[in-house]
Each structure stands twice: as C-alpha cells, then as structure tokens.
Amino acid sequence: MGNTLQANGIKLSLEMTLVTIRVFSSGLDPTARFLKLMGESRINLPFLCDAARDTRTSGTYCILSEDIPRAKRAIAGDETLATRLKYLPSVGSISVFPHNFNMAFIGAILRLMGQSGAPLYGLATSISAMTMITDFSRLKQTAEYLTRHVSLPGNHSPFNPDIHIKSM
C-alpha cells in the first residue's frame, strides 16, 4: 500500500474500560440511567457510541480505568442497571485525523487495522477524526503499524495524550 494515505495526526488514549449496555426488555432506557449516574458522579466518558439500538445492546462507552471503581460504586445503587453492564478492561483508542477526508480513507484504515492483528471493539467517525477502540497493550504497536502506511506531517505531535483531564 505504501504511504499513499495522508493524515494530519494519530493520537492514543490513556487506558480505559469499555462498558457495553444491554437493552432492558421492560422498555426502560438503560442509556439515560447510565449517563445520569455518570454525570452525577462527574465521570468523563472519553468515548461513547450510541447510534443503533437492537435487542442486545444500547451503547458502548469508555471510562478511564482510574475512574472505574467510582463508576461501579455509582452503578451498584441501581441493581437493574448493574446487571445489564458488561465490562472489557484495558482498552484504548487510536484516533486518526485524516487529510482531505473521504470514505475510501475509512476503508483503508479499517483494512490496516485488520492487517495489524489488533482487535476492533468500537469505531466512531466524524469529518475530523476516526477513533477505534482496541486492546490497550497493543495501542503503540498498532499506531506504529499504521504509520508505516500513512504519511504524517513533519510536525506531528507525539502519539500519547498531551494532557490528562481528571474529574473532580
């Protein structure tokens, strides 16, 4: 493939836990309950994907690993919601900032992710970024694989986060 793809940057997240919510059969909205509890507990959600609903899941969200104990304490008070959550610890996100974004770019990056061997647990895109969730232990290795196939500008900043915003 060479370096035919151009991007303005690649950024890696801190370590997170992926939380998946199963839909209630009773019709109660688990997403609203979950988001309300996270908001009341001042827990940031660096990644959230709640676009499609089916009979199995309502949404996927990432919480910084350091915030998981507080999140679980907040959720424990809602026994019905607590039983509907599935946790996948030690994940991270890779965000690619495309140059002259187009649909072919998404396909090419997804193909590269597959070729890298990293699992893909979540995906969100916009016109300015494409964010993929994978194993935290593979973030740096996956980013390095992507850079062998994606041209980055000479002034590209480091992959790791520059700042860490902590909930109070």
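Residues numbered from 1 in each chain as written. Predicted model: local features only at pLDDT ≥ 70, side-chain atom pairs only at ≥ 80, totals over all residues. Heavy atoms only, no water.

Things to note about the pairing of strand β2 (residues 16–21)
Put simply, the rule is: Summary of the burial criterion: residues with accessible area below 20% of their type's maximum are buried, those above 50% are exposed, and those between are partly exposed, where the area comes from a 1.4 Å probe applied to protein chains only. Strands are runs of DSSP state E lasting at least two residues, helices are runs of H or I lasting at least four, and both sets are numbered from the N terminus onward. In this analysis, strands are considered paired if DSSP registers two or more bridges between them.
Counting buried residues along β2, six of its six residues qualify, which places the element largely inside the surrounding structure. Residues Met16, Leu18 and Thr20 line one face of β2 and the alternating positions Thr17, Val19 and Ile21 line the opposite face, and both faces are buried. The pairing of β2 with strand β4 (residues 59–64) spans six bridges and is classified as antiparallel. In the strand pairing of β4, Leu18 is matched with Cys62.

Concerning the packing of helix α4 (residues 103–116) against helix α5 (residues 139–147)
For clarity, the cut-off: Only the stretch in contact is used when fitting a helix axis, every axis being a line fitted to C-alpha atoms; angles between N-to-C directions are given from 0 to 180 degrees. Just so you know how the angles are binned, under 35 degrees is roughly parallel, over 145 roughly antiparallel, 65 to 115 roughly perpendicular, and the rest oblique. Should the near helix be turned counterclockwise from the far one by less than a right angle, the crossing is left-handed, whereas a clockwise turn marks it as right-handed. Whether two residues are in contact is decided by their heavy atoms, any of which lying within 4.5 Å being enough. We call Asp, Glu, Lys and Arg charged. Ala, Val, Leu, Ile, Met, Phe, Trp, Tyr, Cys and Pro are nonpolar, and the rest, Gly among them, are polar.
For the pair α4 and α5, the least separation of the axes is 10 Å and the interaxial angle reads 125°. In terms of orientation, α4 lies oblique with respect to α5. With respect to the hand of their crossing, α4 and α5 are arranged in right-handed fashion. Taken together, the residues of α5 that come into contact with α4 (itself represented by Leu112, Met113, Gln115 and Ser116) are Thr142, Tyr145 and Leu146. Its residues assigned to classes, the contact of α4 with α5 comprises four nonpolar, three polar and no charged.

Brief notes about helix α2 (residues 68–76)
The condition that has to hold: Regarding the arc, it is the one traced by the directions from the helix axis to the C-beta atoms.
Those residues of α2 lying buried are Ile68, Ala71, Ala74 and Ile75. The buried residues of α2 occupy an angular sector of 125° when projected down its axis, which confines them to one face. Buried residues along α2 sit against β2, α1 (30–40), β4, α3 (79–82) and β5 (85–98).

Thoughts on the environment of Met132
Checked against the element boundaries, Met132 lands in strand β7 (residues 130–135). Take Met132: its relative accessible area is 0%, and that puts it in the buried class. Sequence separation between Met132 and Ile94 is 38 residues, and the spatial gap between their C-alpha atoms is 5.3 Å. Filtering out sequence-adjacent residues up to four positions away, Met132 remains in contact with Gly92, Ser93, Ile94, Val96, Ile109, Leu110, Met113, Leu120, Gly122 and Leu123.

A look at the packing of α1 against α2
Relative to each other, α1 and α2 sit at 125°, their axes nearing to 10 Å. If you check the angle between α1 and α2, you find them oblique. Note that α1 runs across α2; the crossing there is right-handed. Across the interface between the two elements, Phe34, Leu37 and Met38 from α1 touch Ala71, Ala74 and Ile75 from α2. Split by residue class, the contact of α1 with α2 holds six nonpolar, no polar and no charged.

Description of the packing of aromatic side chains
A ring pair, where both rings are aromatic, is described by two values, the distance of the centres and the angle of the planes. For the record, the criterion: Two rings belonging to Phe, Tyr or Trp (six-membered ring only in the last case) form a pair when the distance between their centres is within 6.5 Å. Interplanar angles under 30 degrees mark stacking, angles over 60 mark edge-to-face geometry, and anything in between is tilted. Remark: a charge is flagged as sitting over a ring if the NZ atom of Lys or the CZ atom of Arg is within 6 Å of the ring centre and within 35 degrees of the ring normal.
All chains considered together, the criterion is met by one aromatic pair. Note on Phe34 and Tyr61: the rings are 5.1 Å apart at their centroids and 40° apart in plane angle, and the pair reads as tilted. Here Phe34, found in helix α1, pairs with Tyr61, found in strand β4; they are 27 residues apart in sequence, far enough to count as distant. Like Tyr61, Phe34 is buried. The ring of Tyr87 has Lys72 lying over it, and the distance from NZ or CZ to the ring centre is 4.5 Å.

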